[in-house]
Amino acid sequence: MSGFIESIINFISQTINYFGIFGVGIGMMIESACIPLPSEIILPIGGKMVADGIIGHLFWANLAAAVGSIAGSLLAYYVGYYGGRPFILKYGKYFLVHEKNFVKAEKTFNKYGEAAVGFGRLLPIIRTFISLPAGIARMDIKKFLIFSLIGMIPWNFLLIFLGFKYGESFSKVIGPLYHKFEYAVIIVFVAVILFFVIRMLLKKRAKGKKA
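Let me begin by describing the structure that accompanies this report. Just so it is clear, the model here is predicted, and its values are computed rather than measured.

## Describing the environment of G120
Then comes step 1: By the secondary structure assignment, G120 is in the loop between α6 (115-119) and α7 (126-129).
Then comes step 2: Placed 10 residues apart in sequence, G120 and I130 show a C-alpha to C-alpha distance of 6.7 Å.
Then comes step 3: Discounting residues that sit within four places of it in the chain, G120 has contacts with I126 and R127.

## A word on empty space enclosed by the protein
Gaps left between atoms show up when a probe the size of a water molecule is rolled over them.
Then comes step 1: On inspection of all chains with the given rule, the structure shows one cavity of 30 Å³ or more.
Then comes step 2: Approximately 80 Å³ is the volume found for the largest cavity.
Then comes step 3: Taken together, M28, E31, S32, S69, R121, R127, M152, W155 and N156 make up the full set of residues lining the largest cavity.
Then comes step 4: In the lining of the largest cavity, the residues fall into three nonpolar, three polar and three charged.

## Quick look at the packing of helix α2 (residues 21-32) against helix α3 (residues 39-51)
Then comes step 1: The interhelical angle for the contact between α2 and α3, taken along N-to-C directions, is 165°, at an axis separation of 10 Å. Considering the angle they form, α2 stands roughly antiparallel to α3. Here α2 and α3 pass one another in a crossing that is left-handed. Packed against α2, whose contacting residues are V24, G27, M28 and E31, the element α3 presents S39, I42, L43, G46 and M49 at the interface.

## Things to note about a nonpolar patch on the surface
Then comes step 1: A surface patch of nonpolar side chains, about 610 Å² in accessible area, is lined by L75, V79, F87, Y91, Y94 and F95.
Then comes step 2: Of note, Y94 is situated in the loop between α4 (58-91) and α5 (99-112).

## Some words on the nonpolar core
Then comes step 1: Counting 21 residues, the largest nonpolar core has I16, V24, L43, M49, I55, A65 and I160 as the members making the most contacts within it.
Then comes step 2: Elements that contribute at least two residues to this core include exactly α2, α3, α4 and α9 (141-166).
Then comes step 3: Of the residues forming this core, the biggest block, six residues, is contributed by α3.

## Observations regarding the packing of aromatic side chains
Then comes step 1: For the structure shown, the criterion picks out 12 aromatic pairs.
Then comes step 2: Pairing Y78 with Y82 gives two aromatic rings, centres 6.0 Å apart and planes at 20°, and the pair type is stacked. Note that Y78 and Y82 are positioned in helix α4 at a spacing of four residues, about one turn of the helix.
Then comes step 3: Residue classification places Y78 among the partly exposed positions, given a relative accessible area of 35%.
Then comes step 4: We classify Y82 as exposed; its relative accessible area is 66%.
Then comes step 5: With 5.2 Å between their ring centres and 45° between their planes, F87 and Y91 make a pair best called tilted. Residue F87 and its partner Y91 are located together in helix α4, separated by four residues, close to a single helical turn.
Then comes step 6: Taking relative accessible area as the criterion, F87 reaches 33% and is therefore assigned partly exposed.
Then comes step 7: Owing to a relative accessible area of 33%, Y91 belongs among the partly exposed residues under this scheme.

Thresholds applied
Residues numbered from 1 in each chain as written. Predicted model: local features only at pLDDT ≥ 70, side-chain atom pairs only at ≥ 80, totals over all residues. Heavy atoms only, no water. Helix = DSSP H or I, 4+ residues; strand = E, 2+ residues; numbered from the N terminus. Contact = heavy atoms within 4.5 Å. 1 Å grid on protein atoms, 1.4 Å probe; cavity = no way out; pocket = protein on both sides within 12 Å on 5 of 7 lines; lining within 4 Å. Points joined across faces, edges and corners; volume = space filled by probe spheres on them. Nonpolar A, V, L, I, M, F, W, Y, C, P; charged D, E, K, R; others polar. Axes fitted to C-alpha atoms, helices over the stretch in contact; angles between N-to-C directions. Parallel < 35°, antiparallel > 145°, perpendicular 65-115°, else oblique. Left-handed = near helix turned anticlockwise from the far one by under 90°. Patch = residues over 30% accessible without salt bridge, like charges linked within 9 Å, V, L, I, M, F, W, Y side chains within 5 Å. Areas by Shrake-Rupley, 256 points an atom, 1.4 Å probe, with all protein chains shown as cover. Salt bridge = Lys/Arg side-chain N within 4 Å of Asp/Glu carboxyl O. Core = buried A, V, L, I, M, F, W, Y, C linked by side-chain atoms within 4.5 Å. Buried < 20%, exposed > 50% of the residue type's maximum accessible area, 1.4 Å probe, protein only. Phe/Tyr/Trp six-rings, centres within 6.5 Å; stacked < 30°, edge-to-face > 60°.

Shape is all these values report; function is a separate question.
What follows is the structure, given as structure tokens:
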């Protein structure tokens, strides 16, 4: 089984290397369009390409990842928007959207609302499918894009940087620990949101006292 997984990783690596920076973008577009091509494989390869000089700078690798992620997310969003829940449940399996994964993302969105589009990008499985319930709920497209980027950027940067730092040893050194990194990113994300919320409340309180 491990040999099979290694062959898949090698195939993805060779494909992305062949297309260069566009490979990173296309790979992330595929994952964000609900086709299970793990970002945990795509993004570290992008980081390694920066280290190898194939991609000129970490910025370009992150930009390609962000553009690809948004493109794929929009595709999934509009599938949910125009197709609705019945379409996804009926035909999703033909596009590798398994019902249990969709339902998991749907429950998260229904529970936490629009904010789930942001922090959901940091969670396994949910990050891939969260765009579908957002589309079904007809979430405002501007908010969808903003929340998506808020969640995507730290996750993409983390994995690209680790690939840049550790190169080919990523899967052996960092790969087994990536869930711990996910939790770390989530904690930072929540801390930043709380900071801005508290700051906003304090400003409102200060204005109220002046009035």
